[in-house]
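Now for the letters of each chain:
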Amino acid sequence: SDYPYQVYLRKNLSDAIQLAKSAGEKELFIIGGQKVYEAAIPLLDQIYYSVVPYHGKGDTYFPEISSAQFRQVSHIKNPAEKDSPAWDLFIYQRNA
C-alpha cells in the first residue's frame, strides 16, 4: 500500500463516518477542502477552528459558522514558538 498504517480511504463522507463509528471511534476529525467542510457541517456536533495569520490571497475558505447553529465555547490563544507563528483555536458546539 502507498499509505501509512491505519489510513483508510472512502469515496464519500457518509462511508467514512460509518467506518469510524464501526471501528468504535468517538471523535472524527475532518480535514477539508472547502466542499468537504460544506458537506460535513450539517453532521457536526463540534468544530475546532484554527486561525493562523496569513496576509495573502486565498482560494479556499471554511464556510461561515452560523450562530444559529453553533456557539463558541472556547478561544485559546497560542503564542508564537521558534518557526511557528501565533495562532488561535476556537471551539464551537452545536446549539441544542
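Definitions and limits used
Residues numbered from 1 in each chain as written. Predicted model: local features only at pLDDT ≥ 70, side-chain atom pairs only at ≥ 80, totals over all residues. Heavy atoms only, no water. Polar contact = N/O pair within 3.5 Å; in protein donor to acceptor, adjacent residues only side chain to side chain. Helix = DSSP H or I, 4+ residues; strand = E, 2+ residues; numbered from the N terminus. 1 Å grid on protein atoms, 1.4 Å probe; cavity = no way out; pocket = protein on both sides within 12 Å on 5 of 7 lines; lining within 4 Å. Points joined across faces, edges and corners; volume = space filled by probe spheres on them. Core = buried A, V, L, I, M, F, W, Y, C linked by side-chain atoms within 4.5 Å. Buried < 20%, exposed > 50% of the residue type's maximum accessible area, 1.4 Å probe, protein only. Contact = heavy atoms within 4.5 Å. Phe/Tyr/Trp six-rings, centres within 6.5 Å; stacked < 30°, edge-to-face > 60°. Pairing = 2+ DSSP bridges. Axes fitted to C-alpha atoms, helices over the stretch in contact; angles between N-to-C directions.

A.B. asks: Tell me what's going on with helix H1 (residues 13-22), and back it up with residues and numbers.
C.D. replies: With a side-chain oxygen lying 3.2 Å from the backbone nitrogen of serine 14, the N-terminal cap of H1 falls on asparagine 12. Positive backbone phi, at 85°, marks glycine 24, one or two positions downstream of H1.

A.B. asks: Give me the lowdown on the layout of surface pockets, citing residues and values where you can.
C.D. replies: In this structure, the largest pocket spans a volume of roughly 1000 Å³. Lining the largest pocket are 28 residues, and of these Ile30, Leu44, Gln46, Ile47 and Tyr48 lie nearest its centre. Of all elements in the fold, only H1, helix H2 (34-40) and strand E1 (46-51) reach the threshold of two or more residues within the lining of the largest pocket. Ranked by the residues each element gives to the lining of the largest pocket, the list is headed by E1, at 6 residues.

A.B. asks: Any chance you could break down the nonpolar core for me, citing the residues and the numbers?
C.D. replies: One broad rule of soluble globular proteins: the nonpolar side chains tend to lie buried together. Listed in full, the 8 residues of the largest apolar core are Ala40, Ile41, Leu44, Ile47, Ile65, Phe70, Phe90 and Tyr92. Among residues more than four places away in sequence, those in contact with isoleucine 47 are Phe62, Ile65, Phe70, Phe90, Ile91 and Tyr92.

A.B. asks: A description of the packing of aromatic side chains should follow, citing residues and the corresponding values.
C.D. replies: In the structure shown here, the tally under the stated rule is 4 aromatic pairs. Between tyrosine 49 and phenylalanine 62, the aromatic rings sit 5.3 Å apart at their centres with planes inclined by 55°, giving tilted as the arrangement. Here tyrosine 49, found in strand E1, pairs with phenylalanine 62, found in the loop between E1 and strand E2 (70-78); they are 13 residues apart in sequence, far enough to count as distant. The exposure class of tyrosine 49 is partly exposed, given its relative accessible area of 28%. When its relative accessible area of 24% is taken as the criterion, phenylalanine 62 is described as partly exposed. Ring pairing ties together the aromatic residues Tyr37, Tyr49, Phe62 and Phe90, which thus form one cluster.

A.B. asks: Can you break down the sheet that holds E2 residue by residue, with the values?
C.D. replies: If you trace the 3 strands from one edge of the open sheet to the other, you get E1-E3-E2, paired in antiparallel fashion. The open sheet has two free edges, formed respectively by E1 and E2, since each of these has just one partner strand. Strand-to-strand, the axes of this sheet are offset by a mean angle of 20°, without reference to chain direction. Here E1 runs beside strand E3 (residues 87-94); their pairing, made up of 6 bridges, is antiparallel. Counterpart to serine 50 in the pairing with E3 is leucine 89.

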